[in-house]
Amino acid sequence: MTTFDKREQGFEAKFAHDEELMFKAAARSNKLLGLWAAGQLGLTGDEAASYATMLVTDNVANQTMDEVLDKVSGDLAGKGVAREQVAAKLQECLHAALQQLEAKE
């Protein structure tokens, strides 16, 4: 195996690792956002957990952050929570999720 092949293999492994990390971070941040939103909606216990899980599992493979933001913003619009507040909370949740995952590694 040449040095070039080794470098290519290393880059491919890093890319796969980074993609997996971002997938896990997105799922975890959606769950954290879902739990926060459930609290804003007055949901507790199993209802709150179901709402958070729904954000993670609905269209998990092709769901974008904008779609999650649209869903949660729509759900919270009646509670007077602005889209900007939800977007800020989503960023906070993503940051927390990345920290949690990095702590595990």
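See the structure above.
Fair warning: this is a prediction, and the values are worked out from it, not measured in the lab.

**Q** Where do I start with the side chain of Ser-29 in this structure?
**A** Tracing the sequence through the fold places Ser-29 in helix α1 (residues 3–41). Taking relative accessible area as the criterion, Ser-29 reaches 0% and is therefore assigned buried. One polar contact links the side chain of Ser-29 to the main-chain carbonyl oxygen of Ala-26, over a distance of 3.0 Å. Not counting chain neighbours up to four residues away, the residues in contact with Ser-29 comprise Met-65, Leu-90, Cys-93, Leu-94 and Ala-97.

**Q** Help me out: how do you make sense of the packing of α1 against helix α2 (residues 45–57) in this one?
**A** Helix-helix packing is described using two parameters, namely the angle between the two axes and the distance between the axes. The N-to-C vectors of α1 and α2 enclose an angle of 140°; their axes lie 8 Å apart at closest approach. For the element pair α1 and α2, the recorded crossing hand is right-handed. From α1, Ala-27, Asn-30, Lys-31, Leu-33, Gly-34, Leu-35, Ala-37, Ala-38 and Leu-41 reach across to α2, where they touch Ala-48, Ala-49, Tyr-51, Ala-52, Leu-55 and Val-56. Taken together, the residues of the contact of α1 with α2 break down into twelve nonpolar, two polar and one charged.

**Q** I would appreciate a short explanation of the nonpolar core in the present structure.
**A** Side chains that are nonpolar tend, in soluble globular proteins, to be buried together. Judged by nonpolar contacts, the single largest core of 14 residues is most densely connected at Leu-33, Ala-37, Tyr-51, Val-72, Leu-76 and Val-86. Broken down by element, this core gets its largest block of residues, four residues, from helix α3 (residues 65–76). Excluding its chain neighbours within four sequence positions, the residues that come into contact with Leu-33 are Leu-55, Val-68, Val-72, Val-86, Lys-89, Leu-90 and Cys-93.

Definitions and cut-offs
Residues numbered from 1 in each chain as written. Predicted model: local features only at pLDDT ≥ 70, side-chain atom pairs only at ≥ 80, totals over all residues. Heavy atoms only, no water. Helix = DSSP H or I, 4+ residues; strand = E, 2+ residues; numbered from the N terminus. Buried < 20%, exposed > 50% of the residue type's maximum accessible area, 1.4 Å probe, protein only. Polar contact = N/O pair within 3.5 Å; in protein donor to acceptor, adjacent residues only side chain to side chain. Contact = heavy atoms within 4.5 Å. Axes fitted to C-alpha atoms, helices over the stretch in contact; angles between N-to-C directions. Left-handed = near helix turned anticlockwise from the far one by under 90°. Nonpolar A, V, L, I, M, F, W, Y, C, P; charged D, E, K, R; others polar. Core = buried A, V, L, I, M, F, W, Y, C linked by side-chain atoms within 4.5 Å.

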